[in-house]
Amino acid sequence: MARRKKAEKEAPRSIFENKEFFLALDQLEREKGIPVDYMLDRVGQALITAYKRENDGMTDNIYVIPNRAESTIRMFVRKTVVDDVYEPYEELSVEEAREYKPGAMLGDIIDIDVPTRYFSRIAAQTAKQVIIQGIREAERGMVLSEFESKEHEILTAQVSRIDPRSGSIILEMVSQGEKTEAVLTTSEQVPGERYEEGDHVKVYVIEVRKGTRGAQVMISRTHPGLVKRLFELEVPEIHDGIVEVKSIAREAGNRTKIAVAATDSNVDPIGACVGTRGARVGSIVEELGGEKIDIIKWSEDTAAFVSAALAPADVISASLQPDGKSCRVIVPDDQLSLAIGKEGQNARLAAKLTGCKIDIAPASQAHTLPDLSPLNALLNNSHEEDGAAESDGVSEPDSIPVPEPGGVSEPDSIPTPEPGDVSEPDSIPTPEPDDVPEPETLPSPEPEPTPDHRLVLDIEAIAREVLESSPSPDPTVAPETTPEHSATDTTTKPTAG
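It should be emphasised that the depicted structure is a prediction, and the values quoted were computed from it without experimental measurement.

Draft legend 1. Layout of the overall build of the protein. Helices and strands together make up the secondary structure of the protein, namely 14 helices and 15 strands. Across the 497 residues that make up the protein, the buried fraction comes to 33%. Considering only contacts in the protein between residues 6 or more positions apart, those separated by 24 or more positions represent 60%. Working note: accessible area of the protein is about 31100 Å², and carbon and sulfur atoms make up 50% of it.

Draft legend 2. The packing of aromatic side chains, seen in detail. Within the structure shown, the criterion is met by 1 aromatic pair. The aromatic ring of Tyr-63 is capped on one face by Arg-78, whose charged end is 4.8 Å from the ring centroid. Above the face of the Trp-298 ring, Lys-246 is positioned so that its terminal group lies 4.6 Å from the ring centre.

Draft legend 3. Structural view of the pattern of salt bridges. Tallied over the full model, the rule gives 16 salt bridges. Salt-bridge contacts for Asp-113 lead to Arg-74; the nearest nitrogen and oxygen are separated by 3.2 Å. Linking Asp-113 in strand 4 (residues 109-113) with Arg-74 in strand 2 (residues 72-81), this pair joins segments that are 39 residues apart in sequence. For Arg-280, the salt bridge goes to Glu-237, with nearest N and O atoms at 3.0 Å. Within this pair, whereas Arg-280 is found in helix 9 (residues 279-287), its partner Glu-237 is found in helix 7 (residues 236-240), the two being separated by 43 residues in sequence. Each of Asp-26, Asp-37 and Arg-68 takes part in salt bridges that share partners, so that together they form one network.

Draft legend 4. Broad picture of helix 2 (residues 20-32). For helix 2, built from 13 residues, the straight-helix expectation of 18 Å at 1.5 Å per residue is met to within 8% by its first-to-last C-alpha distance of 18 Å. Those residues of helix 2 that fall on the buried side of the exposure criterion are Phe-22, Leu-25 and Leu-28. Angular distribution of buried residues about the axis of helix 2 spans 110°; they occupy a single face of the element. Along helix 2, the residues that are exposed and aim more than 90 degrees away from the buried face are Glu-20, Leu-23, Arg-30 and Glu-31. Backbone geometry just after helix 2 places Gly-33 at a positive phi near 80°.

Draft legend 5. Representation of the state of the cysteines in the model. Scanning all chains against the criterion turns up 0 disulfides. Its sulfur unpaired, Cys-356 is 6.4 Å from the next cysteine sulfur, which belongs to Cys-327. Residue classification places Cys-356 among the buried residues on the basis of a relative accessible area of 8%.

Draft legend 6. Main features of the pairing of strand 6 (residues 169-175). Most of strand 6 is tucked away, with 5 of its 7 residues classed as buried. Where strand 5 (residues 154-162) meets strand 6, 5 bridges bridge the pair, whose relative direction is antiparallel. Residue pairing for strand 6: Ile-162 is matched across the bridge by Ile-169. As consecutive antiparallel partners, strand 5 and strand 6 are separated by 6 residues, and within that stretch Gly-167 has a phi angle of approximately 80°, a positive value. Direction of pairing for strand 6 relative to strand 7 (residues 178-184): antiparallel, over a ladder of 7 bridges. Opposite Ser-175, over in strand 7, you have Glu-178 as the bridge partner.

Draft legend 7. Molecular detail of the sheet that holds strand 14 (residues 326-331). Spatial ordering of the open sheet is given by 13-14-15, a layout of 3 strands whose pairing is mixed. The open sheet terminates on both sides in strands that have one partner only, identified here as strand 13 (317-320) and strand 15 (357-362). For this sheet the average axis-to-axis angle between neighbouring strands, irrespective of direction, equals 20°. With 4 bridges connecting them, strand 13 and strand 14 associate as antiparallel partners. Paired with Ala-318 across the two strands is Val-329, which belongs to strand 14.

Draft legend 8. How the structure looks around the environment of Ile-242. Among the secondary structure elements, Ile-242 is positioned in the loop between helix 7 and strand 10 (243-251). In this structure Ile-242 comes out as partly exposed when scored by relative accessible area, which is 29%. Residues Ile-242 and Asp-264 lie 22 residues apart in sequence; the distance between their C-alpha atoms is 6.4 Å.

Draft legend 9. Layout of helix 12 (residues 345-354). Among the 10 residues that make up helix 12, 7 are buried, leaving the element largely enclosed by the rest of the structure. Buried within helix 12 we find Gln-345, Asn-346, Ala-347, Leu-349, Ala-350, Leu-353 and Thr-354. Buried positions along helix 12 lie against strand 10, strand 11 (255-262), strand 12 (292-297), helix 10 (302-309), helix 11 (336-340) and strand 15. Directly beyond the C-terminal end of helix 12, a positive phi value near 75° is found at Gly-355.

Draft legend 10. Examining unusual backbone geometry more closely. For the bond from Ala-311 to Pro-312, the omega torsion is 15°, close enough to zero to count as cis. Inspection of the secondary structure assignment puts Pro-312 in the loop between helix 10 and strand 13. For Ser-71, which is not glycine, the phi dihedral falls at a positive 55°. With respect to the helices and strands, the residue Ser-71 is situated in the loop between strand 1 (62-67) and strand 2. Taking relative accessible area as the criterion, Ser-71 reaches 7% and is therefore assigned buried. Phi is positive for Arg-277, close to 55°, though the residue is something other than glycine. With respect to the helices and strands, Arg-277 occurs in the loop between helix 8 (269-274) and helix 9. With relative accessibility at 88%, the residue Arg-277 sits in the exposed group.

Thresholds, definitions, all that
Residues numbered from 1 in each chain as written. Predicted model: local features only at pLDDT ≥ 70, side-chain atom pairs only at ≥ 80, totals over all residues. Heavy atoms only, no water. Helix = DSSP H or I, 4+ residues; strand = E, 2+ residues; numbered from the N terminus. Buried < 20%, exposed > 50% of the residue type's maximum accessible area, 1.4 Å probe, protein only. Contact = heavy atoms within 4.5 Å. Areas by Shrake-Rupley, 256 points an atom, 1.4 Å probe, with all protein chains shown as cover. Phe/Tyr/Trp six-rings, centres within 6.5 Å; stacked < 30°, edge-to-face > 60°. Lys NZ or Arg CZ within 6 Å of the ring centre and 35° of its normal. Salt bridge = Lys/Arg side-chain N within 4 Å of Asp/Glu carboxyl O. Expected span 1.5 Å × (residues − 1). Arc of directions from axis to C-beta. Disulfide = S-S within 2.5 Å. Pairing = 2+ DSSP bridges. Axes fitted to C-alpha atoms, helices over the stretch in contact; angles between N-to-C directions.

Right under this line is the structure:
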């Protein structure tokens with residue numbers, strides 16, 4: 001123990017005294033892009049790990065201080081001067097402290113230099129592994145940060161190999177000098193496209209994840225974002241923000257619909273995307289392997305937007321339904337199959353593009369479609385209520401059905417009035433007012449009235465309703481009416497035989 005302390009005193013205070021180590025770190029930063037400060041931190045962790053491996057029970061009182069200006073790294077153990085030493089790795093006596101620092105007193109902090117010459121081979125190998133692991137983690141972190149900045153962008157990759165069993169394609173991707181591999185699965189491949197090793201292909205970066213072996217880049221050739229980024233590359237107006245892509249609906253390999261709008265009224269958004277003689281959109285179609293592209297002008301009017309989205313079919317009319325999420329479209333009979341498309345593709349893409357449920361009907365069946373408008377339904381209900389009120393109100397006497405005479409009276413003894421003769425006084429037998437008995441001397445109930453008497457009672461009830469609903473009724477004064485026009489005059493004498 002004393003011999004080791006003596007060796008520690010005679011050991012140099014600086015672990016690294018030449019500049020070769022720092023020159024190597026500078027070269028590593030230039031080639032790999034790993035910062036020198038990061039590597040110095042990893043070297044310090046490696047030295048601390050090696051020292052702790054050699055000294056069991058060592059705590060966190062060991063420090064490493066690099067100095068790039070002097071090209072040196074110091075490693076020392078910090079101990080406290082005490083009377084009685086209980087923790088030899090953290091404390092030392094006054095006599096031991098004065099060997100490192102003359103005049104040391106109780107409570108002083110002594111920094112003791114630690115040379116690396118006494119590290120064993122295992123400890124040195126451990127330090128080496130820590131440094132190598134730090135370099136690899138730095139490289140993975142740089143790759144991850146580089147490709148995270150490329151999310152939702154287009155990158156050009158090279159086909160490295162193709163899995164014959166699953167059909168997945170392994171691509172080698174390079175961005176700002178950082179390389180990584182990505183897998184293009186069969187679900188993200190465009191049907192019908194074929195690739196060979198060494199081919200260059202443009203892919204859309206969906207997401208970048210941190211995996212156990214580095215960055216995991218999720219790529220696709222079927223994502224609608226690929227079409228949007230291709231238009232941004234080919235159309236300067238979209239890149240500059242003059243033309244804006246509102247929405248995209250795509251079925252990879254078959255057809256794509258894209259809705260565009262211009263922020264400048266003097267710019268035609270469709271013409272800007274098509275280009276001179278279709279040069280701009282033609283290059284995009286070629287990159288997508290001949291996929292058809294429909295460019296549609298976006299509109300704030302949902303019905304007009306749906307009509308345009310059904311192109312190339314012509315639309316007679318389009319109306320938005322009360323729910324605000326569906327639209328009814330009327331097309332010519334010869335355009336119905338074109339509006340729906342093969343296997344419903346055109347209507348399906350139009351629904352995805354506009355976000356509405358589209359109901360397509362031919363013009364020949366337009367009159368048979370129900371009207372779902374709540375306003376029309378309310379108007380229809382009001383008309384029905386008005387009609388019902390008129391049927392329940394006062395009608396002309398000739399409109400009252402006269403029941404056929406029953407078996408109570410003989411047809412030859414009691415004449416049956418005709419519908420047109422109901423209002424005539426001479427055809428309605430009514431009693432004299434003097435013949436009406438007083439309430440207190442009422443006789444026994446009369447037999448059930450005949451059909452003729454029921455008719456008179458009904459007419460009297462109708463007349464009372466008319467009098468009660470008249471604009472200037474007077475309950476104390478009876479209206480003066482002639483027998484020919486009064487249906488409520490019960491004093492009229494019956495006409496003889």
